[in-house]
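As a plain string of letters, each chain reads:
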Amino acid sequence: AGKMFAITGWRLGWAIGPRQIIQKLHGVCLVDTFGCPTILQEVVARMLERERLLVDPKESYFNWAGSIFAENYTKLCNAFKSVNMPPVHAEGGFFLVVDCSKRSFKFQESDEYKNCNDAQDVKIAKELTKQFKILMLPLSLFYNLELKAIPTNYLRVCFAKCPQTINRAIEIIETFD
């Protein structure tokens, strides 16, 4: 719900699918949903009910959001391609992953950067945040540190944002040096 309804921090989701999968998910829910406040459940249930009652699908938030998110995805892909950070295409989700190994940044020449022991993607993400005020998460943070080969050249960015935020991000991406 947090990404779909643009209510960051609301950790509430739902699933629709074949009975055998939903039955397995039900087992997870027994131990996983205890921390979800009742008010969040009520609000999201009302949002979903409103969508179900719409007669004209053109008015549906899901249709509107889906088209906006698809447009955001395409715009961000193009912006990152233009600065030699090729996207890794996905068929679902709210995040775009880009490869940061194909280009270099001026900040990579600094002694501070070179002497930092963080993974490459962590260092780049920190510098992009500091210097360009754009937040991209290093994908290596999502891996188990015990793995022998953790990819350290990928950054993740959310495209489930309003068009104004995406347009501002593109303006910033275009200034990467």
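Bringing the overall build of the protein chain into the picture now. Across its full length, the protein chain holds six helices and four strands. Seen in sequence order, the protein chain has helices and strands lined up from the N terminus as α-α-α-β-β-α-α-β-β-α. The buried share of the protein chain, taken over its 177 residues, is 33%. A sequence separation of at least 24 residues applies to 54% of the contacts in the protein chain between residues at least 6 apart. Summing over all exposed atoms, the protein chain offers an accessible surface of approximately 11700 Å²; the carbon and sulfur share of this is 57%.

So, about the nonpolar core. F80, M85, L96, L128, L155 and F176 are the most contacted members of the largest nonpolar core, which has 33 residues in total. Put simply, the parts of the chain that give this core at least two residues each are α3 (61-82), β2 (95-99), α5 (120-132), β4 (154-158) and α6 (163-173). Leaving out residues up to four positions away in the same chain, M85 has contacts with F80, V98, D99, C100, R103, F105, M136, L155 and F176.

This part takes up the packing of α3 against α6. Between α3 and α6, the shortest axis-to-axis distance is 10 Å and the interhelical angle comes to 5°. In this view, α3 runs roughly parallel relative to α6, as classed from their interaxial angle. Contact residues: I68, N72, K75, L76, A79 and F80 in α3; P163, I166, N167, I170 and I173 in α6. Class assignment of the residues belonging to the contact of α3 with α6 gives a composition of eight nonpolar, two polar and one charged.

A word on the confidence of the model for the protein chain. For residues with low pLDDT, the predicted coordinates do not support detailed interpretation. For the protein chain, mean pLDDT is 84; residues scoring 70 or higher make up 85% of the total. Averaged pLDDT values over the elements of the protein chain bottom out at 74 in helix α1 (residues 19-32) and peak at 96 in strand β1 (residues 87-88).

Attention shifts here to the pairing of β2. Two faces belong to every sheet, and in a regular strand the side chains alternate between them. Burial runs high along β2: four of the five residues are buried. One ladder, built from two bridges, connects β1 with β2; its direction is antiparallel. Opposite P87, over in β2, you have V98 as the bridge partner. Between the antiparallel neighbours β1 and β2 lie six residues, among them G93 with a positive phi of about 100°. Both β2 and β4 contribute to a ladder of five bridges, which runs antiparallel. Directly across from V97, in β4, lies its bridge partner R156.

Rules and cut-offs
- Residues numbered from 1 in each chain as written.
- Predicted model: local features only at pLDDT ≥ 70, side-chain atom pairs only at ≥ 80, totals over all residues.
- Heavy atoms only, no water.
- Helix = DSSP H or I, 4+ residues; strand = E, 2+ residues; numbered from the N terminus.
- Buried < 20%, exposed > 50% of the residue type's maximum accessible area, 1.4 Å probe, protein only.
- Contact = heavy atoms within 4.5 Å.
- Areas by Shrake-Rupley, 256 points an atom, 1.4 Å probe, with all protein chains shown as cover.
- Core = buried A, V, L, I, M, F, W, Y, C linked by side-chain atoms within 4.5 Å.
- Axes fitted to C-alpha atoms, helices over the stretch in contact; angles between N-to-C directions.
- Parallel < 35°, antiparallel > 145°, perpendicular 65-115°, else oblique.
- Nonpolar A, V, L, I, M, F, W, Y, C, P; charged D, E, K, R; others polar.
- pLDDT = per-residue confidence, 0-100.
- Pairing = 2+ DSSP bridges.

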